[in-house]
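Fold and geometry: a report
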Amino acid sequence: MDNVLSVARKLDSFGISRRREPVIAFGGGVLLDTVGLAANLYRRGTPHVRVPTTVIGYVDAGIGVKTGVNFDNRKNSLGSYYSPTAVLLDRRFLATLNQRHISNGLAEIIKIGVVKDRRLFQILESHGELIADERFQGITETGESVAVDVLGTAIGRMLDELQPNLWEHNLERVVDYGHTFSPRIEMHALPTLLHGEAVAIDIALSCVLAWRRRFITIDELERVVAVMARLRLPTWHPACEPQLLRKALADVTTHRDGYQRIPLPLGIGGVVFVNDVTNKELAEAATILKGLAFP
Ligand SMILES: NC(=O)c1ccc[n+]([C@@H]2O[C@H](COP(=O)([O-])OP(=O)(O)OC[C@H]3O[C@@H](n4cnc5c(N)ncnc54)[C@H](O)[C@@H]3O)[C@@H](O)[C@H]2O)c1
């Protein structure tokens, strides 16, 4: 929140015209969230343009209408719905990201593939490492076509979900896949896990829950875990203890208005929402996941 206040002070000191001079935010998800919230609060709303420079910014934080900052050790507990005037996408920004932040962003793309787009998932299986190595820059001909395809598909599928439900009146959100347990895991593990890494662990844990309920096969579970290992994403963390997972489940049930509404994969590319995951089931799934996780 301190960062939001310093952005607001800067806007004040620049003396910007709130009608004619939009704030232009260049950066990753944290910066876009911070500036978006400051722009929303400053004089009850100042236009802003988002220019994402990370993979998470490009396929997720940059293109929705949400802003959020962590507060009192709670993930995104202060935030708003505030749409940008425009979003400018240029994947050349991604060229300078380090490999960890490329993988971090790929977690949000895997998410879309697993619950919404089987073809996208298959491309990540066959070409994910190439895309990561080339940082989405298309150094080879194949790298170029898959980078364009993967980024375009991930954004398109994301917008298919966001557009009809911008204000989240429907709390059964497919894009919440990977975001049920991850907020607690991420905040507990700070600074050791990045956002996408916590999402990756949640994706894997949710796949184990899905496998135990026969929504996906063991082969599909192993494919998801394998693609994450190849893309250097974690699928387990010592924070995944029963007590923390219990708190995560309680948090999310409150956040989703009294129901768990947990999105689980149905095969690869489909989704089902469940409301009856028990703490015992969750603890058992975490134990199985620990055994499956790659070193
Ligand atoms: N509002 C939303 O809808 C939404 C959606 C998804 C994620 N998020 C939020 O986004 C955050 C994660 O975003 P992130 O992964 O972009 O992390 P980040 O914003 O922390 O950026 C990661 C790092 O990359 C650096 N960086 C940015 N652009 C760079 C570039 N082009 N080259 C080299 N380094 C660069 C940044 O300075 C930072 O150190 C989380 O806090 C998450 O909650 C928000």
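The rules behind the values
Residues numbered from 1 in each chain as written. Predicted model: local features only at pLDDT ≥ 70, side-chain atom pairs only at ≥ 80, totals over all residues. Heavy atoms only, no water. Helix = DSSP H or I, 4+ residues; strand = E, 2+ residues; numbered from the N terminus. Rg over C-alpha atoms; globule rule 2.2 N^0.38 Å. Buried < 20%, exposed > 50% of the residue type's maximum accessible area, 1.4 Å probe, protein only. Contact = heavy atoms within 4.5 Å. Pairing = 2+ DSSP bridges. Right-handed = clockwise from strand over helix to strand, strands pointing away. Core = buried A, V, L, I, M, F, W, Y, C linked by side-chain atoms within 4.5 Å. Near = heavy atom within 4 Å. Polar contact = N/O pair within 3.5 Å; in protein donor to acceptor, adjacent residues only side chain to side chain. Areas by Shrake-Rupley, 256 points an atom, 1.4 Å probe, with all protein chains shown as cover. Nonpolar A, V, L, I, M, F, W, Y, C, P; charged D, E, K, R; others polar. Phe/Tyr/Trp six-rings, centres within 6.5 Å; stacked < 30°, edge-to-face > 60°.

Quick look at the overall build of the chain
In terms of regular secondary structure, the chain is built from eleven helices and seven strands. Expected size for 295 residues packed as a compact globule is a radius of gyration near 19 Å; at 19 Å, the chain falls within 12% of this value. Principal-axis analysis of the C-alpha atoms gives the chain an extent of 60 × 50 × 35 Å. Out of the 295 residues in the chain, the part that is buried amounts to 52%. Across the chain, every contact between residues at least 6 apart in sequence was considered, and the portion connecting residues at least 24 apart equals 74%.

Observations concerning the pairing of strand S2 (residues 48-52)
Within S2, five of the five residues are buried, which leaves it mostly tucked inside the rest of the structure. Taking every second residue as pointing to the same face, both faces of S2 are buried, with His48, Arg50 and Pro52 on one and Val49 and Val51 on the other. The sheet contact formed by strand S1 (residues 23-27) and S2 spans five bridges and is parallel. Opposite Ala25, over in S2, you have Arg50 as the bridge partner. For the crossover from S1 across helix H2 (residues 29-41) to S2, the handedness is right-handed. Of the pairings in the sheet, the one linking S2 to strand S5 (residues 86-87) comprises two bridges and is parallel in character. Residue pairing across strands places Val49 opposite Ala86, the latter belonging to S5.

Focus: the nonpolar core
In this structure, Ile109, Ile110, Phe136, Phe181, Ile185 and Met228 are the most contacted members of the largest nonpolar core, which totals 70 residues. Here this core gets eleven residues from one element, more than from any other, and that element is helix H8 (residues 195-212). Non-local contacts of Ile110, meaning those with residues more than four positions away in its chain, are made with Phe121, Leu124, Ile203, Val227, Met228, Leu231 and Leu233. Counting residues in hydrophobic clusters, the runner-up holds twelve residues, among them Leu11, Ile16, Leu32 and Leu37.

So, the site of the ligand
Neighbouring the ligand are 17 residues, the closest being Gly29, Asp33, Thr53, Thr54 and Thr96. At 2.5 Å, a side-chain N or O of Thr54 approaches an oxygen atom of the ligand. With respect to the ligand, the side chain of Thr96 contributes an N or O atom lying 2.7 Å from a nitrogen atom. Isolated, the ligand exposes 860 Å² of accessible area, and the fraction of that covered by the protein chains is 72%. For the shell around the ligand, the secondary-structure elements that each account for two or more residues are H2, helix H3 (55-61) and helix H4 (99-116). Taken together, the residues that form the shell around the ligand break down as five nonpolar, eight polar and four charged.

A word on the packing of aromatic side chains
Evaluated as defined, the whole model comprises two aromatic pairs. Ring centres 6.2 Å apart and planes at 65° place the aromatic pair Phe26 and Phe93 in the edge-to-face group. Placement of the pair is Phe26 in strand S1 and Phe93 in the loop between S5 and H4, with a sequence separation of 67 residues. Assessed through its relative accessible area of 30%, Phe93 is described here as partly exposed.

None of the figures reported here should be taken as evidence of function without further support.
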